[in-house]
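Notes for the structure review
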Amino acid sequence: MYRLKFKRRIFFFNAERLNISKCKNGIRSSLLPDASNLAEALNYLQQNYPIRFQKFNKYVSSIFPEIFGIGVKNSSNTELEIFTINCAPTQERNDLNISLEDCGTGLGQVLAMLYVILDVDIPKTIIIDEPMSFLHPGAAR
């Protein structure tokens, strides 16, 4: 019983993350250890917890001041895609949004960690396999 209780309080990130900018459309809110369903999880957060998603974007902007926020959109009938919002929403310049696929891998890593931090109702310990290869030293802040 205690083992199960503690297991739910731990999130383990695998060291290798491949393409996490797109994934199949779905309703799963739990992030996988390789973050391959990050678009699905962020879309779930965006649709079901808009206040928490705003908080998520506030943290993204404080870590990466040049990014105003993150969004998720349908890139096809079956796929979701994460994109960065690179100018103030009041300017209505969606043409300046950039796919996460075209950004550095460190941004995706930070988004995955922020999602785990903000998605849970109980505190979790985050375990990162090979932390030196997970984040660039400049992105550690």
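This text follows the structure it describes.
Below is a short write-up of the structure. Just so we're clear, the structure is a prediction, and the values are computed from it rather than from any experiment. (Residues numbered from 1 in each chain as written. Predicted model: local features only at pLDDT ≥ 70, side-chain atom pairs only at ≥ 80, totals over all residues. Heavy atoms only, no water.)

A tally of helices and strands in the protein chain yields five helices and six strands. Counting helices and strands in the order they occur from the N terminus, the protein chain gives α-β-β-α-α-β-β-β-α-β-α. Considering only residue pairs separated by 6 or more positions, the protein chain has 50% of its internal contacts joining residues 24 or more positions apart. (Helix = DSSP H or I, 4+ residues; strand = E, 2+ residues; numbered from the N terminus. Contact = heavy atoms within 4.5 Å.)

On to helix H2 (residues 38-48). Counting buried positions along H2 yields eight of 11 residues, so the element is predominantly enclosed. Within the sequence span of H2, burial applies to Leu 38, Ala 39, Glu 40, Ala 41, Leu 42, Asn 43, Leu 45 and Gln 46. In this fold, the buried residues of H2 make contact with strand E2 (22-24), helix H3 (50-63), strand E3 (69-74), strand E4 (79-85) and helix H4 (105-119). (Buried < 20%, exposed > 50% of the residue type's maximum accessible area, 1.4 Å probe, protein only.)

Within the secondary structure layout, Glu 101 lies in the loop between strand E5 (98-99) and H4. Its relative accessible area of 44% is what places Glu 101 among the partly exposed residues. Distance from Glu 101 to Phe 83, taken between C-alpha atoms, is 8.2 Å for residues 18 residues apart in sequence.

This next bit is on the packing of aromatic side chains. Scanning the entire structure with this criterion turns up two aromatic pairs. Arranged with centres 6.3 Å apart and planes meeting at 55°, the rings of Tyr 44 and Tyr 49 form a pair that is tilted. You can call Tyr 44 partly exposed: its relative accessible area is 25%. With centroids separated by 5.9 Å and ring planes inclined at 15°, the aromatic side chains of Phe 53 and Phe 56 adopt a geometry described as stacked. Here Phe 53 pairs with Phe 56, and both are found in helix H3, just three residues apart, close to one helical turn. Like Phe 56, Phe 53 is buried. A cation over an aromatic ring shows up here: Arg 52 above the ring of Tyr 49, its NZ or CZ 4.9 Å from the ring centre. Over the face of the ring belonging to Phe 83 we find Lys 73, whose NZ or CZ atom lies 5.6 Å from the ring centre. (Phe/Tyr/Trp six-rings, centres within 6.5 Å; stacked < 30°, edge-to-face > 60°. Lys NZ or Arg CZ within 6 Å of the ring centre and 35° of its normal.)

Before going further, it helps to examine the nonpolar core. Formed by 31 residues in total, the largest nonpolar core has its most connected members in Leu 31, Leu 38, Leu 42, Phe 56, Ile 82 and Leu 111. Elements that contribute at least two residues to this core include exactly strand E1 (10-13), H2, H3, E3, E4 and H4. The biggest single contributor to this core is H4, with nine residues. Not counting residues up to four positions away in its chain, the partners in contact with Ile 82 are Ile 20, Ser 21, Leu 38, Ala 39, Leu 42, Ile 70, Gly 71, Val 72, Ser 99, Leu 100 and Leu 111. (Core = buried A, V, L, I, M, F, W, Y, C linked by side-chain atoms within 4.5 Å.)

It is worth spelling out the environment of Ile 67 at this point. Take Ile 67: it is sitting in the loop between H3 and E3. By relative accessible area, Ile 67 is classed as buried at 7%. Separated by 19 residues in the primary sequence, Ile 67 and Asn 86 place their C-alpha atoms 5.0 Å from one another. Sequence-distant contacts of Ile 67, that is, excluding residues within four places in its chain, are made with Val 60, Ser 61, Thr 84, Ile 85, Asn 86 and Leu 107.

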